[in-house]
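Chain by chain, the residues run as shown.
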Amino acid sequence: METYKFNQILKEGIIIERQHSFIMIVEVDGEEERCFCPCISSIGHIKLNGRPCLLWDSNNPNRKTRYTVKAVSLNKPEDKNKKWFGIDQIESNKYVEHYLKQNAFKDMIDTEGKEVLHEQTIGNSRLDFKVGNTYLENKTILRMDVEIPDYIKTKKKQKPKLSNHFQKHIAELNDSLQEHERAILIGTFLYDNSNNLKEDAEERKYSNINYAFENGVESYQINFEINEREVNKLL
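Calculation rules
Residues numbered from 1 in each chain as written. Predicted model: local features only at pLDDT ≥ 70, side-chain atom pairs only at ≥ 80, totals over all residues. Heavy atoms only, no water. Phe/Tyr/Trp six-rings, centres within 6.5 Å; stacked < 30°, edge-to-face > 60°. Helix = DSSP H or I, 4+ residues; strand = E, 2+ residues; numbered from the N terminus. Buried < 20%, exposed > 50% of the residue type's maximum accessible area, 1.4 Å probe, protein only. Lys NZ or Arg CZ within 6 Å of the ring centre and 35° of its normal. Polar contact = N/O pair within 3.5 Å; in protein donor to acceptor, adjacent residues only side chain to side chain. Core = buried A, V, L, I, M, F, W, Y, C linked by side-chain atoms within 4.5 Å. Contact = heavy atoms within 4.5 Å. Patch = residues over 30% accessible without salt bridge, like charges linked within 9 Å, V, L, I, M, F, W, Y side chains within 5 Å. Areas by Shrake-Rupley, 256 points an atom, 1.4 Å probe, with all protein chains shown as cover. Salt bridge = Lys/Arg side-chain N within 4 Å of Asp/Glu carboxyl O. Lys, Arg positive; Asp, Glu negative; His and termini not counted. Charge placed at Lys NZ, Arg CZ, Asp CG, Glu CD.

Peer 1: Mind showing me how you'd approach the packing of aromatic side chains here?
Peer 2: Per the stated rule, a full pass over the model turns up 8 aromatic pairs. Taken together, a centroid distance of 4.6 Å and an interplanar angle of 50° make the contact between Phe85 and Tyr191 tilted. Here Tyr191 lies in the loop between strand E11 (182-189) and helix H3 (198-205) and Phe85 lies in strand E7 (residues 84-86), a separation of 106 residues in the sequence. Each member of the pair, Phe85 as well as Tyr191, is classed as buried. Feature note: the residues Tyr4, Phe6, Tyr95, Tyr99 and Phe224 constitute an aromatic cluster, connected by ring pairs. The positively charged end of Lys70 is found above the aromatic ring belonging to Trp56, 5.9 Å away from the centroid. When the ring centre of Tyr151 is taken as reference, the NZ or CZ atom of Lys76 above it lies at 4.9 Å.

If you want it as structure tokens, here you go:
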């Protein structure tokens, strides 16, 4: 199976602060750089200052932020063989699409000989994929289900909550399903997470989408592993 490879070797930096939702200040080669953060939600429940990160270089002098932060690590900056937690919720769909086209999720859906269509419109929503008669919506989860080292400061965990935008997509999935169609919610972790989606079941208690799963919307977990060169499918 062909892995998803970045078009360059990602560069390592150290996060100084997350300035706001889409901007991080990162030390790169001894200089401070304003970098694009490709996610709007919290990254785990940790404070990011001092965390190593992987950066993609746009090589575009006209871009306001030269680098995009692709992943963060709980390791210390001097550690070798760091474990990376992907944070790119925008690029995540590309990872999923890459492996869908290689029929890498046969236990979820068999894509052999089928076209993988992306950004398919149902009702008033645009869903991520359609394969045959199956609609798929990908949710990239930035929760860190791991033990946090003592040297990392943490924030108070918030009550699980699904965004109104995401709930709308699930509602459209449910309402638009015909008897001959399937609908799958993919929960994607950009690291090796063996906790499955049990905590996401807790999130549903605080949302209005339980009925969709009772009516047949399926859920499936994908785990990816990221390093400076590529994204590998684990689960």
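There's plenty left to go through after this.
Peer 1: Would you take a moment to explain the side chain of Asn193 for this structure?
Peer 2: By the secondary structure assignment, Asn193 is in the loop between E11 and H3. Taking relative accessible area as the criterion, Asn193 reaches 2% and is therefore assigned buried. Of the polar contacts made by the side chain of Asn193, one reaches the side chain of Asp145; its length is 2.9 Å.

Peer 1: What is the right way to read the nonpolar core from this model?
Peer 2: Note that soluble globular proteins tend to have their nonpolar side chains buried in a common cluster. One finds Tyr95, Leu100, Phe105, Met108, Leu136, Phe224 and Ile226 to be the most contacted residues of the largest nonpolar core, which totals 26 residues. Where this core is concerned, the elements lending two or more residues are helix H1 (92-100), strand E9 (125-131), E11 and strand E12 (218-226). Excluding residues that lie within four positions of it along the chain, Tyr95 makes contacts with Tyr4, Phe6, Asp88, Leu190, Phe224, Ile226 and Val231. Ranked by size, the runner-up nonpolar core spans 25 residues in total, among them Val28, Leu55, Ile141 and Ile152.

Peer 1: In this structure, what is going on with the environment of Lys82? I would like to understand it.
Peer 2: Here Lys82 is to be found in the loop between strand E6 (67-73) and E7. Among the residues examined, Lys82 registers a relative accessible area of 15% and is labelled buried. Between the C-alpha atoms of Lys82 and Cys53, which are 29 residues apart in sequence, the distance is 9.9 Å. Beyond its immediate stretch of four places on either side in the chain, Lys82 contacts Glu12, Pro52, Ser73, Asn75, Lys76 and Pro77. At 2.8 Å, the side chain of Lys82 and the side chain of Glu12 are in polar contact. One polar contact links the side chain of Lys82 to the main-chain carbonyl oxygen of Asp79, over a distance of 2.6 Å.

Peer 1: Just to check I follow, could you spell out a negative patch on the surface for this structure?
Peer 2: A surface patch of negative charge is lined by Glu17, Glu27, Glu31 and Glu32. You can call Glu31 exposed: its relative accessible area is 53%.

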